[in-house]
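Close look at the chain arrangement
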Amino acid sequence: MYNLEDALLVGGLVNSLLRNADRVKLACLAQLVNVIAPIMTNADGLFQQTIYYPYSWAIQFARGEVLNLLVESSTYEVEGLDHVGYVDVAGSLSQDEKKLALFILNRDLSKSHDVEVVWEDSVPGRVISGSLLTGDDLKASNSFAAPKRVAPQNFSVPTANGGRTKFEIPARSYAVVQWSI
């Protein structure tokens, strides 16, 4: 059984895979249903585990070219590593579909963080969709009895104003926002 903590980890993994798409040409999830899988079934139905959502968002929204982003964030220390940013962002741009997507992880367990996107080449159009996965309990999980205990919420992001878009990303969260271009 996977919990919110696992979903945030998978979101960070998705971001890492996107950033390294020049070297990682294919990434697959071996088990899709039941055994260590994002979808659980029984004779009465199914439910989506918490890790289902970051995978699903990557499949739906990570299209086209991966964006080369400069992300600046406050950091925290991890033993054996350099400082790690609280906010982690990856993005993709599909010229064919005329869509841009940002995948945003807030690793901070106690504080929300302000995000300011500075659009350098061109300012996107409207926000098409935004979804957020968060919660107060990192150990919360879904089950047949509570299939939506950890589920995406709508995430409203303002439109660009003067080449910048500002919004807040809650503590313990992973979000995807898609714009038209």
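Read on for an overview of the structure. (Residues numbered from 1 in each chain as written. Predicted model: local features only at pLDDT ≥ 70, side-chain atom pairs only at ≥ 80, totals over all residues. Heavy atoms only, no water.)

Some words on the overall build of the chain
Helices and strands together make up the secondary structure of the chain, namely 2 helices and 12 strands. For the chain, the N- to C-terminal ordering of α and β elements is α-β-β-α-β-β-β-β-β-β-β-β-β-β. The C-alpha radius of gyration of the chain comes to 17 Å, within 12% of the 16 Å expected for a compact globule of 181 residues. Projected onto its principal axes, the C-alpha coordinates of the chain cover approximately 55 × 40 × 35 Å. Within the span of the chain, comprising 181 residues, buried residues form 41% of the whole. (Helix = DSSP H or I, 4+ residues; strand = E, 2+ residues; numbered from the N terminus. Rg over C-alpha atoms; globule rule 2.2 N^0.38 Å. Buried < 20%, exposed > 50% of the residue type's maximum accessible area, 1.4 Å probe, protein only.)

What about the pairing of strand S7 (residues 99–106)?
Extensive coverage of S7 is indicated by the burial of 7 of its 8 residues. Across 8 bridges, strand S6 (residues 87–94) lies against S7 in antiparallel orientation. Paired with valine 87 across the two strands is asparagine 106, which belongs to S7. As consecutive antiparallel partners, S6 and S7 are separated by 4 residues, and within that stretch lysine 98 has a phi angle of approximately 60 degrees, a positive value. Alignment of S7 against strand S12 (residues 173–180), held across 8 bridges, turns out to be antiparallel. Within the sheet, the bridge partner assigned to alanine 101 lies in S12 and is glutamine 178. (Pairing = 2+ DSSP bridges.)

Description of helix H1 (residues 4–19)
If you check H1, its first and last C-alpha atoms are 23 Å apart, about what 16 residues at 1.5 Å a residue would give, namely 22 Å. Of all the residues in H1, the buried ones are Leu4, Ala7, Leu8, Val10, Gly11, Gly12, Val14, Asn15 and Leu18. On its buried side, H1 packs onto helix H2 (52–61), strand S3 (65–66), S6, S7, strand S9 (127–134) and S12. In this structure asparagine 3 caps H1, since a side-chain oxygen of it lies 3.0 Å from the backbone nitrogen of glutamate 5. (Expected span 1.5 Å × (residues − 1). Contact = heavy atoms within 4.5 Å. Polar contact = N/O pair within 3.5 Å; in protein donor to acceptor, adjacent residues only side chain to side chain.)

A few points about the pairing of strand S1 (residues 39–42)
Note on strand geometry: in a regular strand, side chains alternate between the two faces of the sheet. Bridge count for S1 against strand S2 (residues 45–48) is 4 bridges, and the pairing is antiparallel. Its bridge partner being in S2, threonine 41 is matched across the sheet by leucine 46. From the end of S1 to the start of S2, which pair antiparallel, there are 2 residues.

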